[in-house]
Amino acid sequence: MKVYSDSTLTHTHTHTFTLSLTYSHTHADVLSDGQKHVFRMQDHFRSLSLSLFLLFSVQLMPSSPVGEEVSRGKSRKRINPVVHTEPPELDPITEAYRYCNLPNQTEHTWEGHSLADYKLLSVHVMIRHGDRYPLYSIPQTKRPAIDCTLSPNRKPSHPLLASFISHMAQGGRGHWDASLGSLPRVPNHNFCEMGELTQTGIVQHLKNGVILHQAYIRRHKLLPPDWSPRQVWFESTGKSRTLQSGLALLYGFLPDFNWSKLTIKQQWSTLFCGSSCDCPARSRYLDLEQKRQYRLRTSDLQLDRTYVAMAAALGVATRTLRAANPVDSLLCHLCHGLPFPCANTNPNAVIQGACLTASHFAVIRRQQHDDERERQEAGLYRRYAVLAAHPYLNRTALRMEAVARGNRRRKGLEEPVFALASAHDVTVAPLLSALGLEGAGFPRFAARLVLELWKSPEVKEGKGKKGGGVENAFVRVLYNGQDLTFDTDFCRNHDRHAHPLCPLGNFLNFVRKDMFSIVNATSYQEACRQTVL
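Read on for an overview of the structure. Model, not experiment: these values are computed from the prediction.

What follows is about the pairing of strand 9 (residues 473-479). With seven of its seven residues buried, strand 9 lies for the most part within the structure. Where strand 8 (residues 448-455) lies against strand 9, seven bridges are found, and the strand directions are antiparallel. Bridge assignment links L453 to a residue of strand 9, and that residue is V475. Here strand 9 pairs with strand 11 (residues 502-503) via two bridges, running antiparallel. By the bridge assignment for strand 11, F474 is matched with P503. The sheet contact formed by strand 9 and strand 10 (residues 482-483) spans two bridges and is antiparallel. Counterpart to L478 in the pairing with strand 10 is D483. Where strand 9 hands over to strand 10, the hairpin turn is made up of two residues, of which N480 adopts a positive phi near 50 degrees.

A few words on the packing of helix 3 (residues 92-100) against helix 11 (residues 358-378). Relative to each other, helix 3 and helix 11 sit at 70 degrees, their axes nearing to 9 Å. As judged from the angle between their axes, helix 3 and helix 11 are roughly perpendicular. Helix 11 is crossed by helix 3, and the crossing has left-handed handedness. The segment helix 3 lies against helix 11, with P92, I93, E95 and A96 engaging A358, F361, A362, R365 and H369. In the contact of helix 3 with helix 11, the residues fall into six nonpolar, one polar and two charged.

Rules of the game
- Residues numbered from 1 in each chain as written.
- Predicted model: local features only at pLDDT ≥ 70, side-chain atom pairs only at ≥ 80, totals over all residues.
- Heavy atoms only, no water.
- Buried < 20%, exposed > 50% of the residue type's maximum accessible area, 1.4 Å probe, protein only.
- Helix = DSSP H or I, 4+ residues; strand = E, 2+ residues; numbered from the N terminus.
- Pairing = 2+ DSSP bridges.
- Axes fitted to C-alpha atoms, helices over the stretch in contact; angles between N-to-C directions.
- Parallel < 35°, antiparallel > 145°, perpendicular 65-115°, else oblique.
- Left-handed = near helix turned anticlockwise from the far one by under 90°.
- Contact = heavy atoms within 4.5 Å.
- Nonpolar A, V, L, I, M, F, W, Y, C, P; charged D, E, K, R; others polar.

And the structure:
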C-alpha cells in the first residue's frame with residue numbers, strides 16, 4: 001500500500017510541551033554527531049515554539065485580579081487564575097523521534113494494573129515490528145551504512161541480548177508453520193538489506209517483552225513455569241522483521257523458553273484475516289481512501305515545490321524522487337543519528353554535492369499531519385478499518401469468551417492465555433481506528449496494543465449464573481503502556497461509577513454487531529457484500 005505502508009508516519013497528539021523541551025538534553029550524552037546536528041535544528045523550532053507559547057500565555061492572562069476573597073480585618077487571599085492554553089504542536093524533528101521509539105527512554109506503563117482481588121485470565125498482544133532498514137532507497141544518494149548483525153557490545157544493547165542470540169541458535173527445536181522455518185531468526189547482514197530488522201528493533205522488543213514479563217508473569221503469574229503448548233499462541237506474517245520482532249518480545253516475556261513447546265504460525269495476510277479475507281467492500285473503501293490521499297498530496301503546492309527542489313538537488317526527475325518515497329529513508333537517517341543524505345556526483349544535479357535537509361523533511365511530515373486530520377474527517381479510512389480489523393478482533397473476542405466461560409478448559413481444549421501477533425503498521429493502524437482510537441496516532445516502531453481479560457472476585461464460577469462467567473469478566477485496552485479502555489467506542493459511554501472496569505459484554509457486542517453501524521450493516525458478511533459507490 002502506498003500511503004499506509006511501513007514507511008509512512010502521522011501525527012501523535014499525546015506528548016507534552018515539557019517533554020519536547022527536555023528530550024534532546026536528557027540524552028545528549030548518548031547521541032552521535034548526526035543526532036546532535038539534528039537536535040541543534042530542533043532547538044531552533046523549540047525556541048520559536050517557546051516564544052509563541054509565552055506570548056499567548058501573557059495575552060490570555062486577565063489584567064484584573066480574579067477570585068479574590070475579601071474579609072474585614074483579615075488579609076486578602078489572592079487565588080491565581082488557571083490559564084487554559086493548548087500547548088504548541090511538536091516540531092517535525094521531535095515528533096519523528098517519537099516515531100523512532102529510541103529504546104534508551106524510560107517508560108511508565110500500566111499493563112497488569114487492575115482492582116484488588118481481580119484475576120487476570122488472558123492477554124492478547126498485537127505488535128508492530130521494530131526499527132528496520134528502509135524499504136526504498138533515494139536515487140543518486142548512498143544508502144545509509146547500518147550494520148544489521150547483532151552485537152551485545154554495540155549500542156543500543158540490552159542485558160538479554162547475548163542470551164537471546166544464543167537461544168535463537170536452538171530454534172530448530174521449535175515447530176514452524178509453512179515457510180517461517182526457512183527465515184533467519186536474527187538479522188544477520190553486515191550491511192542491512194532493504195526492510196531488514198536492525199539491532200535497535202531487536203532491543204525495542206526485548207524491552208517490550210521484559211515490561212510484559214514484569215506485569216503478567218512476576219505480578220500476576222499468568223503462566224506457570226511448566227506452561228503447556230496450548231497456553232501460548234504466536235503468529236507472524238511471512239516477513240523476517242515481524243518474525244524476529246515477535247521472537248525478541250517472546251524471549252523478553254519468557255526468557256529461555258522451551259522451544260519444543262512453541263509452535264510459530266504464519267498469517268498469510270497482513271490483516272490477520274485468516275479464512276475471512278474476502279471482503280469486496282473493504283477493498284473499495286481502501287481505493288476511495290487512497291484517491292482522497294492522492295488528491296490532497298497533489299493539491300499541496302508547498303509539498304510540490306519541496307519535491308521539485310529535492311529532485312533538482314539530486315539531479316533526478318521529480319516523479320522519480322516521489323516514487324522512491326524519500327521520507328522512508330530520511331526517517332532511517334534520523335532514527336540512527338545519521339546526517340541527511342547528499343547527492344552522488346551527477347552532471348544533472350543543479351549543485352554538485354547538494355544535500356537533503358531538515359526543511360525538506362519537515363514539509364513532508366507536515367503534509368502527513370494534514371492528511372491525518374483530513375482522513376479522520378472524511379471517514380473513509382474508518383470504514384475500511386472496521387472491515388479490515390474485524391477478523392482479528394472476532395478471533396480475539398471468541399477466545400476471550402471461551403476463557404471467561406471456561407467451557408473448553410473443562411473439555412480439555414484449553415484456550416491460549418497469552419496470544420502474540422507480530423505484524424506491520426498496516427495491521428495495527430486499522431485496528432486502532434476500528435476501536436475508535438484514531439487519536440493514538442500512527443503506529444511507531446515496536447508499537448504494542450494489548451487487550452487484557454479480567455475476572456471479578458465476588459461471583460463464583462458455575463452454571464447457576466446467567467451469562468456463564470461473561471457477565472463477571474472485564475477487558476482493558478492498552479496502547480504502548482497507556483490505558484485507553486475508556487477511549488474506545490465500546491466503552492466510551494460506560495458508567496464507571498457503576499463499575500470501574502469495562503464489561504467483556506460491551507466488547508463482544510461491539511465486535512459482533514455495533515462496530516458495523518458506521519457502514520449501515522449489522523454483520524461482517526452484510527457489510528462486506530454492500531455496494532460502495
